[in-house]
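Read off the chains here:
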Amino acid sequence: MADERAQALQQLAGQVRICLECRLGATRGVAVPGEGPLDAELLWVGEAPGAAEDAAGLPFVGASGRFLRHEMHEAGLDPAAMYITNIVKCRPPGNRRPRVDEIAICTGLYLVRQMALVAPKAVVALGATAAGALLADTVKMTQEHGTWRQDYNLTAQGLPVFITYHPAAALRSERWRAELHADLQALADGRWRMAYG
Ligand code: SF4
């Protein structure tokens, strides 16, 4: 069973790498499926690959990715135990926000299946775009960071979603950096498992 899931995840990554289902396929460098262990308890979802990820084909390897991993370590979360991906798997030109149709196509093809195959206990939404796509709602990050909601948009069972800042945004603001830091500390204390575990 685990072998079949691992194989299905690998096949999905192969499909992402050659995907041309939305306009982002025409301008990307390397598509970025995501990475992490099959049985990750937490699945982290950012907005889209940036320049470093587009060159490497790996998620969160640029400055914001390094910062995110640092913050995970600080909170006592092991980055190697996390599954990390993005709402869209290809870099939008000039790092613009992914468009509604691009998000709908890419999540419908890939993120929904990744969530089903990894079957995490919870999802961490990094930034308003990721949270908005997961929850099919407008998320005001300064008010909702550090809170939990449930995703009935991409999963039927209502997977718990923890909302926090995208690390690239946190790098631009001392206040948001401190709030992301506190959010990850709260996530790591594990009390959410009493409600959702
Ligand atoms: S963003 Fe997603 S749907 Fe669009 S081309 Fe890339 S992998 Fe395919």
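The coordinates are above.
Residues numbered from 1 in each chain as written. Predicted model: local features only at pLDDT ≥ 70, side-chain atom pairs only at ≥ 80, totals over all residues. Heavy atoms only, no water.

**Quick look at the pattern of salt bridges**
Selection rule: By definition here, a salt bridge exists when the distance from a side-chain nitrogen of Lys or Arg to a carboxyl oxygen of Asp or Glu is within 4 Å. Runs of E in the DSSP output that reach at least two residues are strands. Runs of H or I that reach at least four are helices, and both are numbered from the N terminus. Working definition: with a 1.4 Å probe on protein chains only, accessible area under 20% of the residue-type maximum means buried, over 50% means exposed, and in between means partly exposed.
Applying the stated criterion to the full structure yields ten salt bridges. Residue Glu41 pairs with Arg193 through a salt bridge whose shortest N-O separation is 2.7 Å. Taken as a pair, Glu41 in the loop between helix H1 (2-17) and strand S1 (42-46) and Arg193 in helix H9 (residues 192-196) lie far apart in primary sequence, 152 residues in all. Relative accessible area serves as the criterion here: at 26%, Glu41 is assigned to the partly exposed category. Two residues, Arg149 and Asp137, come together in a salt bridge whose shortest N-O distance is 2.7 Å. Taken together, the positions of Arg149 in strand S4 (residues 148-151) and Asp137 in the loop between helix H5 (128-135) and helix H6 (141-144) put the pair twelve residues apart, joining distant regions of the chain. A residue is classified by how much of its surface remains accessible, and Asp137, at 38% relative accessible area, is partly exposed. When salt bridges that share partners are traced, they join Arg23, Arg96, Asp101 and Glu102 into one network.

**Looking at the side chain of Thr155**
Note the following rule: Here a polar contact means two N or O atoms within 3.5 Å. Within protein one must be a hydrogen donor candidate and the other an acceptor candidate, and residues neighboring in sequence count only if both atoms are side-chain atoms.
For Thr155, the position within the fold is in the loop between S4 and strand S5 (159-164). With relative accessibility at 8%, the residue Thr155 sits in the buried group. In terms of polar contacts, Thr155 uses its side chain to reach the backbone carbonyl oxygen of Asp151, at 2.6 Å.

**Thoughts on the packing of aromatic side chains**
In plain terms, the rule: Two rings belonging to Phe, Tyr or Trp (six-membered ring only in the last case) form a pair when the distance between their centres is within 6.5 Å. Interplanar angles under 30 degrees mark stacking, angles over 60 mark edge-to-face geometry, and anything in between is tilted.
Across all of its chains, the model carries three aromatic pairs by this definition. Look at Trp148 and Phe162: their rings are 5.1 Å apart centre to centre, the planes differ by 55°, and that puts the pair in the tilted class. Note that Trp148 is positioned in strand S4 and Phe162 in strand S5, a separation of 14 residues in sequence. Accessibility expressed as a relative area gives 22% for Trp148, which makes it partly exposed. Residue classification places Phe162 among the buried residues on the basis of a relative accessible area of 2%.

**A look at the side chain of Thr85**
Stated formally: Two residues form a contact once any of their heavy atoms are found within 4.5 Å.
Its location among the elements puts Thr85 in strand S2 (residues 83-86). In this structure the side chain of Thr85 is engaged in a polar contact, spanning 2.8 Å, whose partner is the side chain of Lys89. Beyond its immediate chain neighbours, meaning those up to four positions away, Thr85 contacts Pro33, Gly34, Leu43, Trp44, Val45, Gly46, Phe60, Leu111 and Gln114.

**Some remarks on the sheet that holds S5**
Cut-off, in case you're wondering: By the convention used here, strands pair only if DSSP detects at least 2 bridges between them. For helices, the axis comes from a line fit to the C-alpha atoms of the stretch in contact; other axes are also lines fit to C-alpha atoms, and the angle between any two N-to-C directions lies between 0 and 180 degrees.
A sheet is described by the order of its strands in space; here five strands give the open sequence S2-S1-S3-S5-S4, paired in mixed fashion. Sheet topology places S2 and S4 at the edges, where each strand pairs with a single neighbour. For this sheet, the mean inter-axis angle between neighbouring strands, taken without regard to orientation, is 30°. When S1 meets strand S3 (residues 122-126), the two strands line up parallel, connected through four bridges. For Trp44, the partnering residue across the bridge sits in S3 and is Val124. Running over the sheet, helix H4 (residues 100-118) touches S1, S2, S3, S4 and S5 and is turned about 165° from S1.

**Concerning the pairing of S3**
Counted residue by residue, S3 has five buried out of five residues, so it is predominantly covered. Neither face of S3 is open: one carries Ala122, Val124 and Leu126, the other Val123 and Ala125, and all of them are buried. The pairing of S3 with S5 spans four bridges and is parallel. Note that in S5 the partner of Val123 across the bridge is Val161.

From the geometry alone we can't say anything about function, so treat these as descriptive.
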